[in-house]
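This is what each chain is made of:
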Amino acid sequence: MRKILIIHSNKESAYYLKFLMDGIEECSFDYRESLNETLQHEPQLLSETDLTICEFNISGFQGLLTFIKENKAVLLLTTYTSEQSTLFSQALEYSPQISGFAIDNNETHSFRSAYRRMMRLKERSTTSTEYCRIRSDYFLNFKKVVCDVYLKISDEKFVKIIPRHQEYDAGEIEKYQRKNVTFLYIKDIDYKIFINAVSNFFVNRSKENLPQIVSNNNILPTICHETVHEIVSKIGLNEQALTLTNHALNEAFSLIEKNDIFKLLKNTLHQNSFISELSMLTSYISCAVCKESELKGPENYLRLSLASFFADISLKDDELARVESSHELESSVGSEKTRKIIRNHPLESAKMIERIDGLPIGVDSIIMKHHERYDGSGFPRGIDYTRIEPISALFIISSELAYTLYDTGYNRDVILDKIIDMEEKYTKGSFIKCIRAMKIAFSIPQVEYKDKEGLF
């Protein structure tokens, strides 16, 4: 039950405030007529209550403001009349601890809004603090942010470096990046409002066709991808996640159109987390291969990119996504519970994206089969090439090449060797033409094998 302290010289106004509070939630109340006496004889009342509701400019009001500055846990909702509204705005500097309400305007929703805002702040200050990491590149897009930003000193210590709503410039962020600071942190409780601001920024920037500020545009899709995974793990697949997904896909398509596949792969490798980087590598490779195949077309490019983006969305750990084959699953994962999570994640990821409106037909099938293999050695179902449709086969070989590149780094000879190796092993079904298209995408001379068969 909330504890509320009401300090007002007019008892009728105090009763009215209690009436408003009763309409929101059940609370216990203390009432005082004199603020001066409360400050002098009962200052602990101010610290012990969840919220103090006090008449604006009552005798001793400036002393109350001083007390609040010295006691960060004290929250004040001050009431003023409509005639005092201008004076109220001029007299109080901005402080998240202080809010106001025009007591004579009869707009009870304004009181509710102010009260709930103060209670959210109370919960932030009393709950044990947890932090979310945000890639530092994001902060290059803004001049100020809606929440405090912290630098991680140790597992237990975080230092505030940017206060909420305070302007900063890109140089402050770049200073930390030069010291190899990849992530900055915000409080877990601020995550929703931060992500909402980020998604709104990208939407508005797209509408206004503004130039991008991020220094390396090639990594922006992976930054968005990484943040979508954070959103899904903490909040779920919500509107903000889908907004960032859409933005990342548009950026990825733009990059594919403007750059050759080798440049994209070279610039993307080892810039972000494993899941986001593998996703972008798979997206770039699969779209490049698709453009050289009988499957080419914008709808299939979208299917492949969406499948790349969401294939591992149900995994909360980069290390789990690193497991590529059934052999690795059985030999390097000790816990049966963890093996089950990895084995079933293609099915779980496909379920998670069912709520996306207008999802192209077939994206879920690509995701469900992205760890299946030509010879039936994959998971979760262990099906072979005879049950894998062309677009899934294309995605599988693109994903396989992406895993190889992540492990070896960018090397053209490695790419060529890997593709030739797959060509020698994948000789039947839909895989044949997929490999041929991949060779064209990577400018590898075609070699005909008499024993190859199968059509799209």
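Just so we're clear, the structure is a prediction, and the values are computed from it rather than from any experiment.

1. Digging into the confidence of the model for the protein
When the pLDDT values of the protein are averaged, the result is 85; 91% of them are 70 or greater. Taken as a whole, residues 209–216 scores under 50 in pLDDT and shows 13 contacts with residues more than four places along the chain or in a different chain.

2. Side note on the nonpolar core
Core analysis: the largest hydrophobic core is formed by 100 residues, its most contacted members being Ile 285, Phe 310 and Phe 442. Setting aside anything within four residues of it in sequence, one finds Ile 285 in contact with Ile 261, Leu 265, Ser 398, Leu 401, Ala 402, Leu 405, Met 438 and Phe 442.

3. Considering the pairing of strand E8 (residues 158–162)
Pairing of strand E7 (residues 149–152) with E8 involves 4 bridges; the strand directions are antiparallel. What sits directly across from Val 149, in E8, is Ile 162.

4. Re the pattern of salt bridges
One pass over the full model with this rule turns up 20 salt bridges. In this structure, the salt-bridge partner of Arg 2 is Glu 25, at a minimum N-O distance of 3.2 Å. Pair noted here: Arg 2 is in strand E1 (residues 2–7) and Glu 25 is in the loop between helix H1 (11–22) and strand E2 (27–32), with a separation of 23 residues, a long-range link. The class for Glu 25 is partly exposed, based on a relative accessible area of 28%. Here Asp 155 and Lys 152 are joined by a salt bridge, their closest N and O atoms 3.5 Å apart. When its relative accessible area of 62% is taken as the criterion, Asp 155 is described as exposed. Classification of Lys 152 by relative accessible area gives partly exposed; the value is 36%. Linked by salt bridges that have partners in common, Asp 148, Lys 160, Arg 164 and Asp 190 make up one network.

5. Quick word on the sheet that holds strand E5 (residues 98–102)
Taken in spatial order, the 5 strands line up as E2-E1-E3-E4-E5 in an open sheet, and their pairing is parallel. Lying at the two open borders of the sheet, with one neighbouring strand each, are E2 and E5. Recorded for the sheet is a direction-independent mean angle of 20° between the axes of neighbouring strands. Contacting E1, E2, strand E3 (51–55), strand E4 (76–80) and E5, H1 runs over the sheet at an angle of about 170° to E2.

6. A closer look at helix H4 (residues 61–70)
Inspection of H4 places Phe 61, Leu 64, Leu 65, Phe 67 and Ile 68 among the buried residues, and these make up the whole buried set. The arc enclosing the buried residues of H4, seen along the axis, measures out at 160°, which places them on a common side. Of the exposed residues in H4, those oriented more than 90 degrees away from the buried face are Gln 62, Lys 69 and Glu 70. Against the buried residues of H4 lie helix H2 (35–41), helix H3 (43–48), E3, E4 and E5.

7. Quick look at helix H13 (residues 298–310)
Helix length check: H13 (13 residues) gives 18 Å between terminal C-alpha atoms against 18 Å at 1.5 Å per residue, within 8%. The buried fraction of H13 is high, at 10 of 13 residues.

8. So, the side chain of Ser 279
Summarising the element assignment, Ser 279 is placed in helix H12 (residues 274–291). By relative accessible area, Ser 279 is classed as buried at 4%. Here the side chain of Ser 279 touches Ser 308 through a polar contact of 2.9 Å, landing on its backbone oxygen. Once you skip the residues sitting within four places of it in the chain, Ser 279 turns out to touch His 225, Ser 308 and Phe 309.

9. Brief notes about unusual backbone geometry
Residues Phe 379 and Pro 380 are joined by a peptide bond in cis, for which omega reads 10°. On the secondary structure map, Pro 380 appears in the loop between helix H17 (363–368) and helix H18 (390–408). Of note in this structure, His 165 is not a glycine but carries a positive phi near 65°. Counting through the fold element by element, His 165 comes out in the loop between E8 and helix H7 (170–177). With a phi angle near 55°, Ser 443 is a residue other than glycine that sits in the positive phi range. Relative to the elements of secondary structure, Ser 443 occurs in the segment after helix H20 (431–441).

10. Topic: empty space enclosed by the protein
The tally for this structure, following the rule as stated, stands at 2 cavities of 30 Å³ or more. Forming the walls of the largest cavity are 15 residues, and the residues nearest its centre are Leu 278, Ser 279, Ser 308, Ala 311 and Asp 312. Elements supplying a minimum of two residues to the lining of the largest cavity: helix H9 (220–234), H12, H13 and H18. Broken down by element, the residue count for the lining of the largest cavity peaks at 4 residues, all from H12. Its residues assigned to classes, the lining of the largest cavity shows 6 nonpolar, 8 polar and 1 charged. Taken as a whole, the second largest cavity spans an internal volume of roughly 60 Å³. In terms of lining, the second largest cavity is formed by Arg 133, Ile 134, Arg 135, Tyr 138, Phe 183, Tyr 191, Ile 223, Glu 226, Thr 227 and Glu 230. When residues of the lining of the second largest cavity are traced back to their parent elements, those giving at least two are strand E6 (131–135) and H9.

11. Brief notes about the packing of aromatic side chains
Following the criterion strictly, the structure yields 17 aromatic pairs and no others. Judged by centre distance (5.3 Å) and plane angle (80°), the rings of Phe 56 and Phe 61 are edge-to-face. Taken as a pair, Phe 56 and Phe 61 share a single burial class, namely buried. Centre to centre, the rings of Tyr 374 and Tyr 426 are 5.1 Å apart; their planes meet at 35°, and the pair counts as tilted. On the criterion of sequence distance, the pair formed by Tyr 374 in the loop between H17 and H18 and Tyr 426 in the loop between helix H19 (412–425) and H20 is long-range, its members being 52 residues apart. Of the two residues examined, Tyr 374 and Tyr 426, each falls in the buried class. Among the aromatic side chains, those forming a connected cluster through ring pairs are Phe 56, Phe 61, Tyr 80 and Phe 88. One cation-aromatic arrangement involves Arg 133 over Phe 183; the distance from NZ or CZ to the ring centre is 4.0 Å.

Quick notes on the rules
- Residues numbered from 1 in each chain as written.
- Predicted model: local features only at pLDDT ≥ 70, side-chain atom pairs only at ≥ 80, totals over all residues.
- Heavy atoms only, no water.
- pLDDT = per-residue confidence, 0-100.
- Contact = heavy atoms within 4.5 Å.
- Core = buried A, V, L, I, M, F, W, Y, C linked by side-chain atoms within 4.5 Å.
- Buried < 20%, exposed > 50% of the residue type's maximum accessible area, 1.4 Å probe, protein only.
- Pairing = 2+ DSSP bridges.
- Helix = DSSP H or I, 4+ residues; strand = E, 2+ residues; numbered from the N terminus.
- Salt bridge = Lys/Arg side-chain N within 4 Å of Asp/Glu carboxyl O.
- Axes fitted to C-alpha atoms, helices over the stretch in contact; angles between N-to-C directions.
- Arc of directions from axis to C-beta.
- Expected span 1.5 Å × (residues − 1).
- Polar contact = N/O pair within 3.5 Å; in protein donor to acceptor, adjacent residues only side chain to side chain.
- 1 Å grid on protein atoms, 1.4 Å probe; cavity = no way out; pocket = protein on both sides within 12 Å on 5 of 7 lines; lining within 4 Å.
- Points joined across faces, edges and corners; volume = space filled by probe spheres on them.
- Nonpolar A, V, L, I, M, F, W, Y, C, P; charged D, E, K, R; others polar.
- Phe/Tyr/Trp six-rings, centres within 6.5 Å; stacked < 30°, edge-to-face > 60°.
- Lys NZ or Arg CZ within 6 Å of the ring centre and 35° of its normal.

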